[in-house]
Structures are given as structure tokens and as C-alpha cells.
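# Notes for the structure review
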Amino acid sequence: DRERTIPYLDFISMNVSLNADDAVYVQGYPDPVVDVVWMRSVAMGKPIVISCANLNYKVGMTNSDKYNHTRSFLWEMVLSGAQIVAVNVSGVLRENIAVWKAISDVNDLFSKINPELRQFQSSKSAVRVLFSDSSKILDGGAPHLKSARFAYEGSSFSGYDICFATEKEIEKGVLQDTKVLIMPQTLSLEDDVFNMITDFIRNGNYIIRVGTQIPYDPKGMSRRDVVQPTSNTVLVRGMNLPTEYLHGMDAVISKKALNPLPRPVNKVGYPLEGVKSRFVPTSDGGGYLYLLNLRKEEVFCRLTGYLQKGHNLVNNTEIEFPQEVQPLELMFIKMVPPDYEKIVQTEPLPTKKTGKKKQK
């Protein structure tokens, strides 16, 4: 029970593995990001250390591809919550020059933007995916775990920070800071947690859910009551795949359940599946936008909102949206608020002459 162990630890250590070859995306996703995000959700503010990261490159991969894969992996780990990442670089040194250069370049930039990265890591998520240990009563929890993974994968392309809410966290009151709860296929819940989620829904909060929910208690006994839908319930119909959870996020965004922020969308304003983004505002009306294209093809990106241009700190260039974004192209942009033109009166307005006629 990781949650029960964490309070006794000074920091959390984990090993991860990234596959540079993937059937859907240009590199493996959501693994291992989803594991780090889950750990950040329950870490209680403790440092997270990736003690060994194995990057599995394809045979014959170019130096440019190795550089991009390594760089995007490090960014994803840090923005997901890791404070230290130790990359396992094996083999002949000259065959890994691109890997070492990516590590060096990322370290150099991270040292310059450390306060901004801390803001990303310490942000409180308003959107959480339900994670149920009680659902392990069937097949070791495989149906629920697979569904929760899909829920994170799809919703993570909405532009908002997505975390998890475990049963223990819900008992501690994490739903008080939650605006949207995503309920994947959940077989069982503790009675107290079931009641808290029911109250969360009755209080007018938004929920994204699939089909029949929570048919059993932790002992496998059938429940008599069910989670009743409300006008703020988005029912995801389909095959319980990532795309459907992105549909659900788009629905709650259109209902203004979440604060608006700059995020990549297509020409008709729909979130771009496969394009990751996060945003942290600043006091001057601007902010910092992280964007990574995980698609295997270039994509035309628009941004929502009034922030449309800024300075890309990754390659030290000025950028303005809309943009064509290449596969594994990574941006960390200091967004600049627009300068609204002020109408300046250059000449005085003509005054109306008034006077009285002379009386005879």
C-alpha cells in the first residue's frame, strides 16, 4: 500500500522506462508520465526522484531524434512532478552524444527558469481522475486501472493540469478543491467515499463518467443505490477510450466549469488530441505556456484566449500563433499580453459659438 508507506518517507523514489517507438504517438504515452502524476497526487508534497530512467531508442535512430526524445522526456518528467531525474545512458560514448547534449541543454534551461517550473509543480489541480483501490476485487483491478489510464491520457490533452483522487484522499477532503471529477470504469468504492462523491455531485459540481458506475462495495456485495446524474453530469458513451474522455473535458469546458486559459485547439476550437500543454499565469496578465506535439505528423495549432504571442525560451525565438507544430517540437513560451492601442486626442474638438443678438 504505497499511500500508507509515503508518510514515513523523506522522499519518493521510482524507476521509469520510456519507449521511443509507439503505435499511436511519436513516443510512448501516457507511460511513464501517468505513474509520476499518480505519485505526485499522493506524495503529500514530498520530493519525487526518478532514480533510474531507461530510454529505449529504436535501432538506427538519428542523433536529432535521440535529442528530441530525450529532451521531451525530461520536460515531461519535471512538469509531471519529478525534482530529480537520473537517466541511464549506456553504450559507447560517441553514440550517445545527442543524449548528453539534450541533458546538458535541458539542465542549463531548467537552472534559469527554476521558479517558473516550481509553479507548474506546485499548482493545485481542479480536475481529478478517480482512482479506486477497492476496484481490485476483480482481475486485480485491471478493468479499472486500464480505464483510469485512458481517462488521464484523454483528459491530459485538454490543456488543464490533471491529477488523481484516491479513496484515501477523498476521505481527507480533496474534493473540496476539485471542480471536475472524472470517473472511469469503477467497480467498487468504500461506503464513505461513495457518499462523499454523491454529495459532491448533489452540490452542483461537474462530473465526467462512463456507463454503469460502482455496482459493488469492497466486499463484492451489490449496491442498492447508484450515482444519480444531474445537469452537470457528462456521460461518456462509447468504448471507454482516451478520445471519449477528451470529449467529456471539451463538454465541461464549454459549460465554463473551469477557468479559461490559453490552450491549443484546431481550426474549429476543439482540443488537439496528442498535443500536450500546461499554462501558469503571471501577475502582468501574461504567463508561461508549455506545449509539446506528441503526434506523428505536424499539426496546425491555434490558441484560445487573447494571449497569442511571446518568447519561446527553448530556442530563444519570438513566436506568434497560429503555428504549424512539428512532431516532438517543444515550446516553453513566456506569453506577452497584447498592447491595446489608446486613442489619443491630438486636436481640440470645435466648440459651438454662442451669443446674443443686440436689441434695438
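Preceding this section is the structure that the text describes.
This report concerns the structure included in the present document. (Residues numbered from 1 in each chain as written. Predicted model: local features only at pLDDT ≥ 70, side-chain atom pairs only at ≥ 80, totals over all residues. Heavy atoms only, no water.)

### Quick notes on the overall build of the protein chain
Selection rule: Numbering of helices and strands starts at the N terminus; helices are DSSP runs of H or I of at least 4 residues and strands are runs of E of at least 2. Whether two residues touch is decided by their heavy atoms; if any such pair falls within 4.5 Å, the residues are in contact. Values of accessible area rely on a 1.4 Å probe in the Shrake-Rupley scheme; residue burial ignores everything except the protein chains shown. The positive count covers Lys and Arg only, the negative count covers Asp and Glu only, and His and the chain ends enter neither. Where a charge lies is defined by one atom per residue type, namely NZ (Lys), CZ (Arg), CG (Asp) and CD (Glu).
If you tally the helices and strands in the protein chain, you get 9 helices and 16 strands. Considering only C-alpha atoms, the protein chain reaches an extent of 110 × 65 × 40 Å along its principal axes. In the protein chain, once contacts between residues fewer than 6 apart in sequence are set aside, the share between residues at least 24 apart is 75%. Counting every atom, the protein chain has about 19200 Å² of accessible surface; 51% of that belongs to carbon and sulfur. Of note, the protein chain has its 43 positive side-chain charges centred 11 Å away from the centre of its 40 negative side-chain charges.

### Some words on the nonpolar core
The line we're drawing: For the purposes of this section, nonpolar cores are sets of buried Ala, Val, Leu, Ile, Met, Phe, Trp, Tyr and Cys residues that join through side-chain atoms within 4.5 Å. Buried, partly exposed and exposed residues are distinguished by accessible area as a fraction of the type maximum, computed with a 1.4 Å probe on protein chains only: under 20%, between the cut-offs, and over 50%, respectively.
Membership of the largest hydrophobic core comes to 84 residues, with the highest contact counts inside it found for W75, F164 and M249. By residue number, the principal contributor to this core is helix 2 (residues 33-42), which donates 7 residues. Every residue in contact with F164, bar those within four places of it in the chain, is listed here: V34, V37, W38, S41, R128, V129, F131, A148, Y152 and E169. Within the second largest apolar cluster, 16 residues are counted, among which are L130, I170, V174 and F194.

### Here's the deal with the environment of K66
Relative to the assigned elements, K66 resides in helix 3 (residues 63-80). Counting along the chain gives 192 residues from K66 to L258, while the straight-line C-alpha distance between them is 37 Å. Setting aside residues no more than four positions away along its own chain, K66 makes contact with Y57, M61, E95, N96, A98 and V99.

### Here's the deal with unusual backbone geometry
Of note, the amide linkage connecting Y29 to P30 takes the cis form, showing an omega dihedral of 10°. Structurally, P30 can be placed in the loop between strand 1 (12-19) and helix 2. Looking along the chain, the bond that leaves D31 and enters P32 is cis, with omega of 0°. With respect to the helices, strands and loops of the structure, P32 is situated in the loop between strand 1 and helix 2. You will see that M44, though not glycine, has its phi angle at about 55°, which is positive. As for its position among the elements, M44 is in the loop between helix 2 and strand 2 (48-56). One non-glycine residue with positive phi stands out, namely K256, at about 60°. Structurally, the position occupied by K256 is in the loop between helix 9 (242-254) and strand 9 (264-265). Residue K256 is classed as exposed on the basis of its relative accessible area, which comes to 71%.

### Observations concerning the sheet that holds strand 6 (residues 180-183)
As a general point, the strands of a sheet are linked pairwise by backbone hydrogen bonds and lie either parallel or antiparallel. The criterion, for reference: Any two strands with at least two DSSP bridges between them are considered paired. For helices, the fitted axis covers only the stretch in contact; all axes are lines through C-alpha atoms, and the angles between them, taken along N-to-C directions, range from 0 to 180 degrees.
With parallel pairing, the 5 strands of this open sheet are ordered in space as 5-4-6-7-8. At either end of the open sheet lies a strand with only one pairing partner, and these are strand 5 (162-166) and strand 8 (233-236). The average undirected angle you get between the axes of adjacent strands in this sheet is 25°. The sheet contact formed by strand 4 (residues 127-131) and strand 5 spans 5 bridges and is parallel.

### A word on the environment of G28
Tracing the backbone through its elements, the reader meets G28 in the loop between strand 1 and helix 2. Judged by its relative accessible area of 12%, G28 is buried. Sequence-wise, G28 and F73 are 45 residues apart; in three dimensions their C-alpha atoms are separated by 9.6 Å.

### Observations concerning the pairing of strand 3 (residues 84-88)
Quick note on the threshold: Crossovers are marked right-handed if the path from the first strand over the helix to the second runs clockwise, as seen with the strands pointing away from the viewer.
In this structure, strand 2 lies alongside strand 3, joined through 4 bridges in parallel fashion. In the sheet register, A53 faces strand 3, and the bridge partner there is V87. Tracing the backbone out of strand 2, into helix 3 and back to the parallel element strand 3 gives a crossover that is right-handed.

### Focus: the packing of aromatic side chains
How we decide: Classification of ring pairs rests on two measures: the distance between centres of Phe, Tyr or Trp rings, Trp counted by its six-membered ring, which must be within 6.5 Å, and the angle between planes, read as stacked under 30 degrees, edge-to-face over 60 and tilted in between. In this scheme, Lys NZ or Arg CZ marks a charge over a ring once it lies within 6 Å of the ring centre and within 35 degrees of the ring normal.
Per the counting criterion, the structure on display carries 11 aromatic pairs. Between F131 and F164, the aromatic rings sit 6.3 Å apart at their centres with planes inclined by 85°, giving edge-to-face as the arrangement. Taken together, the residues F131 in strand 4 and F164 in strand 5 connect sequence positions 33 residues apart. Residues F131 and F164 agree in their burial class; the two are buried. A centroid spacing of 5.6 Å and a plane angle of 20° characterise the contact between Y288 and F332, whose relative ring orientation is stacked. Of this pair, Y288 sits in strand 11 (residues 287-293) while F332 sits in strand 16 (residues 330-336), and the two are 44 residues apart along the sequence. A relative accessible area of 0% places F332 in the buried class. When the ring centre of F194 is taken as reference, the NZ or CZ atom of R223 above it lies at 4.3 Å. Sitting over the face of the ring of F300, K267 holds its NZ or CZ atom 5.3 Å from the ring centroid.

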